[in-house]
2 protein chains.
Amino acid sequence: MTDIRVLDRIDADLPASLERLFAFLRIPSISTDPAYKPACAEAADWLVKELSGIGFDASARPTEGHPMVVAHWTKAGPDKPHVLFYAHYDVQPVDPISLWETPPFEPRVARQPDGSERIVARGSADDKGQLMTFVEACRAMVAETGGLPINVTILSEGEEESGSPSLVPFLLANAKELSLDVALVCDTNMWDRDTPAITTMLRGLVGEEVTITGANQDLHSGMFGGAALNPIHVLARVLAGLHDDSGRVTLPGFYDGVPEIPAEIAANWASLGFDGDAFLGAVGLSAPAGEVDRTVLEKIWSRPTAEVNGIDGGYTGDGFKTVLPAKARAKVSFRLVGDQDPDKIRASFRQFVTERLPKGAAVSFHPHGGSPALRLAFDSPALNKGRAALEEEWGRPAAVVGSGGSIPVVGHFKTLLGMDSLMVGFGLADDRIHSPNEKYEMTSFHKGIRSWARVLDALAG
Amino acid sequence: MTDIRVLDRIDADLPASLERLFAFLRIPSISTDPAYKPACAEAADWLVKELSGIGFDASARPTEGHPMVVAHWTKAGPDKPHVLFYAHYDVQPVDPISLWETPPFEPRVARQPDGSERIVARGSADDKGQLMTFVEACRAMVAETGGLPINVTILSEGEEESGSPSLVPFLLANAKELSLDVALVCDTNMWDRDTPAITTMLRGLVGEEVTITGANQDLHSGMFGGAALNPIHVLARVLAGLHDDSGRVTLPGFYDGVPEIPAEIAANWASLGFDGDAFLGAVGLSAPAGEVDRTVLEKIWSRPTAEVNGIDGGYTGDGFKTVLPAKARAKVSFRLVGDQDPDKIRASFRQFVTERLPKGAAVSFHPHGGSPALRLAFDSPALNKGRAALEEEWGRPAAVVGSGGSIPVVGHFKTLLGMDSLMVGFGLADDRIHSPNEKYEMTSFHKGIRSWARVLDALAG
């Protein structure tokens, strides 16, 4: 249990915490635009100063791009766990600026009709607000108790919104320093405004580009049509064969290593009241697709998929050209779960295509990345301590959720540093990250700080 | 039989005929480029002057675009047939000019290593050379015999290479004047350098654009993949279902009205020594596609087809984006033969697609033209007279061929004027029409003139 005086101090200091967040938000640290390079450096320096002020051993470490902020607190002693907290201090560009109701780097608190308050600024939710929930929790604990209950290293990069080119080299160059007991990654959302969430599953991804070639040139369909191989036809047949009538992927071995979720997690999901019809209806879909015997939530969190993300071949401009194209191409991705092996999936797909080529057709493949699914074991101590801490703060069980997308840094931590991640964040789906009028709920900020204090205490136990 | 003196005169006058053709070729009548509008008018006027000189009642008739040249010879008398000869006096642009070995509007005769000669210039084969074979035949007949054996109207347009916008209005406005016994259309090729050909079948065409829509916006495949309908998958399934494993088109009713060719024509085709493997091998194809029980020649001349000419959906740029697209689109064309009905084929396709839509998918269609197949009856007197005349000149039977593509003017003559076309031309497949260094064989020009003299005589009998 967390010292009530720490929580009281967090409550009392909220105005000051907000002032500090505002100061951070005023720095336009847009990493992708070279014009804002000085602002990125300023944001890194600001963070170093804040963390040093709390008592961290903090520095901004140079990279080929924007600096990495690394800050250590090791005074909890060698018998205590050591966690790595990850966040980023850079932000997205602000275009289209005309859609912002107020300037993106002039943060404000906007009171809503329902009485709630939100912090509006670029970076408020992604990721400065989330980052500062952790920093302010550390500040309050140090101020009230003289220290942190566990050892903490904070890693904050300045290139998350521009592809993180320096991240992997930095992790590799500093693997010993950064390979800790567990990572805390805050770039995620709550289930809803009142229900915290821990993301424990991220689907992996295999990307493949497949090109079918027929003739060595585009042909006139009048002259050759009916006799010459049409690579679009071949591609359509291959892609149509990827799923059976029940929506299952037909690649041999595709479901090897795909687990069923434990009953306890299934019960947690059922309790969330997720409305699959509404989820799909919001984007104009009147019916679900995919595996007929799975719920929408299962499909997007815990089931593997095969999706064609792009296809082109022949004439695609206005009007009509009766061409028989020489090539047709598709970009196909597989979302992976559990222990599915990206290399095996890729090989199975390539064999599947190759076996279906008619005589006269050729195929080439181009890989576009492959990463396994990531999951924190459901019986992981860190997960269960985190769940307990969040339930204490929010008064209801945390949702243990999956995510259909990938968070690259979590994969790097696993692959390069051998470290699992506990993904806890307080964003909401309507925070408009990457869009005009980005916001972060005041409750997310305030109770997020309190949550981290509880989680740090829980991890010490 | 044609008067030997006419043929001798054609031989003797060949240098003069060539000079006239060169004068015509020097006029850069590029119809699609407004800068060459005066040149198009000059070409029309040149042609009027030549035809008037022979004795035709010739004039250049204004249109919204370039003028139509119309020339009548009706002195054969009302008991003789009256044919419409069609050709065009405009030419293609010359880009890329750097690939021309000599300037495109400075015609020359190039002697080849095998001793043959060719006329090199833009328009030499398409269509001024072909047009002048007919004009020079008329000139020689009039000079030697005092007249033509049948009545002849020559129609020469100046917009064939720029979409013929004025053709249909002109035909409709002058239908009575131009609806004659049969049309002679010279915009076609010989079978090979030594074998003349009459084209009697042109496949029709139905073009359809089909768009499948799922969600009302592009979706992130991480967030929605597996649960949201992917319109590329739906489209691939539909297109893959258009053909069965034997290569036949599966649309209900598709083969209604598709005739088998007569035994005599099948024998003519078999005698041509056509090498389907070589035909496909020349464009890099090691095996034929399409109906398994048909020869390549049947497939491209006398069998109907369904071909996807273009497909696009989702992300098609460089790299990879894990998008689930809102839409996927294909351009599909059907080549028609015999009595296949374009409207019924279009309706059958639309029903086929609609019946295969899963719940949540929508479809829209956009038509891109529809025209029935055209054929000259195999027992047509004009066809058999033409065959006999060509055999006399070339010393071997004329190939009676089909063409996979369409020649719009032939359709207009049939649809608007109720007139069949006898398609006889002396081009060769390697004439490089529309390309740099376009050429026309001297034998095509010389024996083409002689052929027309024989055909005109034959049609009089």
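Residues numbered from 1 in each chain as written. Chains lettered and ligands numbered in written order. Predicted model: local features only at pLDDT ≥ 70, side-chain atom pairs only at ≥ 80, totals over all residues.

(A) Summary view of the overall build of chain A. A tally of helices and strands in chain A yields 15 helices and 18 strands. Against the compact-globule benchmark of 23 Å for 461 residues, chain A has a radius of gyration of 25 Å, which places it among compact chains. Dimensions of chain A, computed from the C-alpha atoms along their principal axes, are close to 85 × 50 × 50 Å. Relative to its 461 residues, chain A shows a buried fraction of 53%. (Helix = DSSP H or I, 4+ residues; strand = E, 2+ residues; numbered from the N terminus. Rg over C-alpha atoms; globule rule 2.2 N^0.38 Å. Buried ≥ 20, exposed ≤ 12 C-beta atoms within 10 Å, placed from the backbone.)

(B) Region of the structure containing the sheet that holds strand 4 (residues 108-111) of chain A. All names here are of chain A. The sheet built from three strands is open, its strands ordered 4-5-18 with antiparallel pairing. Lying at the two open borders of the sheet, with one neighbouring strand each, are strand 4 and strand 18 (439-441). This sheet shows a mean twist of 35° between the axes of neighbouring strands, independent of strand direction. Summarising the sheet, strand 4 and strand 5 (residues 117-120) pair through four bridges and their orientation is antiparallel. (Pairing = 2+ DSSP bridges. Axes fitted to C-alpha atoms, helices over the stretch in contact; angles between N-to-C directions.)

(C) Layout of helix 15 (residues 442-460) of chain A. Residues and elements named next belong to chain A. End to end, helix 15 covers 28 Å across 19 residues, agreeing with the expected 27 Å (1.5 Å per residue, within 8%). The sharpest bend along helix 15 reaches about 25° and sits at Gly448. Burial analysis of helix 15 places 15 of its 19 residues in the buried class, the great majority of the element. (Expected span 1.5 Å × (residues − 1). Bend = angle between axes of the 7 residues up to and from the residue.)

(D) Quick look at the domain arrangement of chain A. All names here are of chain A. Taken as a whole, chain A is organised into domain 1 (4-202 + 375-460) and domain 2 (204-258 + 304-371). Between domain 1 and domain 2, the C-alpha centre-to-centre distance is 40 Å. At the junction of the two partners, domain 1 supplies four residues and domain 2 supplies five residues. (Domains from an automatic or database assignment. Contact = placed C-beta atoms within 7 Å.)

(E) Here's a closer look at the interface of chain B and chain A. Contacts between chain B and chain A engage 65 residues on the former and 65 residues on the latter. Of all elements in the fold, only strand 10 (219-220), helix 7 (221-224), helix 8 (231-240), helix 11 (296-301), strand 11 (305-314), strand 12 (323-324) and strand 13 (327-336) of chain B reach the threshold of two or more residues within the side of chain B that touches chain A. A total of nine residues in the side of chain B that touches chain A trace back to one element, the largest contributor, which is strand 11 of chain B. The class makeup of the residues in the side of chain B that touches chain A is 27 nonpolar, 28 polar and ten charged. Relative to strand 11 of chain B, strand 11 (residues 305-314) of chain A runs antiparallel, the two sharing five bridges. Paired with Gly314 of chain A across the strands is Gly310 of chain B, a residue of strand 11 of chain B. (Nonpolar A, V, L, I, M, F, W, Y, C, P; charged D, E, K, R; others polar.)

(F) Molecular detail of the packing of helix 4 (residues 128-145) of chain A against helix 15 of chain A. Residue and element names in this part refer to chain A. Closest axis-to-axis distance for the helix 4/helix 15 pair is 8 Å, and the angle between their directions is 55°. Relative to helix 15, the element helix 4 is oriented oblique. Pair helix 4 / helix 15 crosses with right-handed handedness. Across the interface between the two elements, Gly129, Thr133, Phe134, Glu136, Ala137, Ala140 and Met141 from helix 4 touch Phe445, Gly448, Ile449, Trp452, Ala453 and Leu456 from helix 15. (Parallel < 35°, antiparallel > 145°, perpendicular 65-115°, else oblique. Left-handed = near helix turned anticlockwise from the far one by under 90°.)

(G) Spatial organisation of the environment of Arg111 of chain A. Residue and element names in this part refer to chain A. Here Arg111 shows up in strand 4. Overall, the presence of 10 C-beta atoms within 10 Å leaves Arg111 in the exposed class. In the structure, Arg111 is positioned 104 residues away from Leu7 in sequence and 24 Å away in space, judged by C-alpha atoms.

(H) Representation of the relation of the copies chain B and chain A in the model. Once turned by 179° and shifted 0.1 Å along the axis, chain B lies on chain A with an RMSD of 0.3 Å. Classification of the inter-copy transformation places it as that of a two-fold axis. Of the residues that chain B buries at the interface, 100% are likewise interface residues in chain A, meaning the two copies contact each other through the same surface. (Least-squares fit on C-alpha atoms with pLDDT ≥ 70 in both.)

(I) Up close: the pairing of strand 13 (residues 327-336) of chain A. All names here are of chain A. Counting buried positions along strand 13 gives nine out of ten residues, so the element sits mostly inside the fold. Relative to strand 13, strand 9 (residues 204-213) runs antiparallel, the two being bridged by ten bridges. The residue bridging Val206 from the neighbouring strand is Phe334, located in strand 13. Where strand 11 lies against strand 13, eight bridges are found, and the strand directions are antiparallel. By the bridge assignment, Val308 is partnered in strand 13 with Val332.

(J) Representation of the sheet that holds strand 18 (residues 439-441) of chain B in the model. All names here are of chain B. Pairing is antiparallel across the open sheet formed by three strands, whose spatial order is 4-5-18. Each edge of the sheet is formed by a strand with only one pairing partner; in this case those strands are strand 4 (108-111) and strand 18. This sheet shows a mean twist of 35° between the axes of neighbouring strands, independent of strand direction. As paired strands, strand 5 (residues 117-120) and strand 18 are joined by three bridges and run antiparallel to one another. Each bridged residue has a counterpart across the sheet, and for Arg118 the counterpart in strand 18 is Glu441. Running over the sheet, helix 15 (residues 442-460) touches strand 4, strand 5 and strand 18 and is turned about 55° from strand 18.

(K) Up close: the pairing of strand 16 (residues 399-403) of chain A. All names here are of chain A. Within strand 16, five of the five residues are buried, which leaves it mostly tucked inside the rest of the structure. Burial of strand 16 is two-sided: the residues Ala399, Val401 and Ser403 facing one way and the residues Val400 and Gly402 facing the other way are all buried. Pairing of strand 8 (residues 197-202) with strand 16, which is carried by five bridges, proceeds in the parallel orientation. For Ala197, the partnering residue across the bridge sits in strand 16 and is Ala399.

(L) Spotlight on unusual backbone geometry. Residues and elements named next belong to chain B. Backbone torsion omega between Asp95 and Pro96 reads -5°, so that peptide bond is classified as cis. One can find Pro96 in the loop between strand 3 (82-88) and strand 4. Asp126 connects to Asp127 through a cis peptide bond whose omega is 20°. The backbone phi angle of Ser164 is positive, close to 50°, even though this residue is not glycine. With 19 C-beta atoms packed within 10 Å, Ser164 lands in the partly exposed category.

(M) View of the nonpolar core. Judged by nonpolar contacts, the single largest core of 272 residues is most densely connected at Val69 and Ala228 of chain A together with Val69 and Ala228 of chain B. Discounting chain neighbours no more than four positions away, the residues touching Ala228 of chain A are Gly214, Ala215, Leu219 and Leu324 of chain A together with Leu280, Leu285 and Ala289 of chain B. (Core = buried A, V, L, I, M, F, W, Y, C linked by C-beta atoms within 7 Å.)

(N) Main features of the confidence of the model for chain A. Mean pLDDT over chain A stands at 95; residues scoring 70 or higher make up 100%. For this predicted complex, the interface score ipTM comes out at 0.83, alongside a pTM of 0.83. (pLDDT = per-residue confidence, 0-100.)

(O) The packing of helix 13 (residues 381-394) of chain A against helix 15 of chain A, seen in detail. Residue and element names in this part refer to chain A. Orientation of helix 13 relative to helix 15, taken along the N-to-C sense of each, is 140°, at an axis distance of 8 Å. In terms of orientation, helix 13 lies oblique with respect to helix 15. Pair helix 13 / helix 15 crosses with right-handed handedness. Across the interface between the two elements, Ala382, Lys385, Gly386, Ala388, Ala389, Leu390, Glu392, Glu393 and Trp394 of helix 13 pack against Lys447, Arg450, Ser451, Arg454, Val455, Ala458 and Leu459 of helix 15. Residues of the contact of helix 13 with helix 15, tallied by class, amount to eight nonpolar, two polar and six charged.

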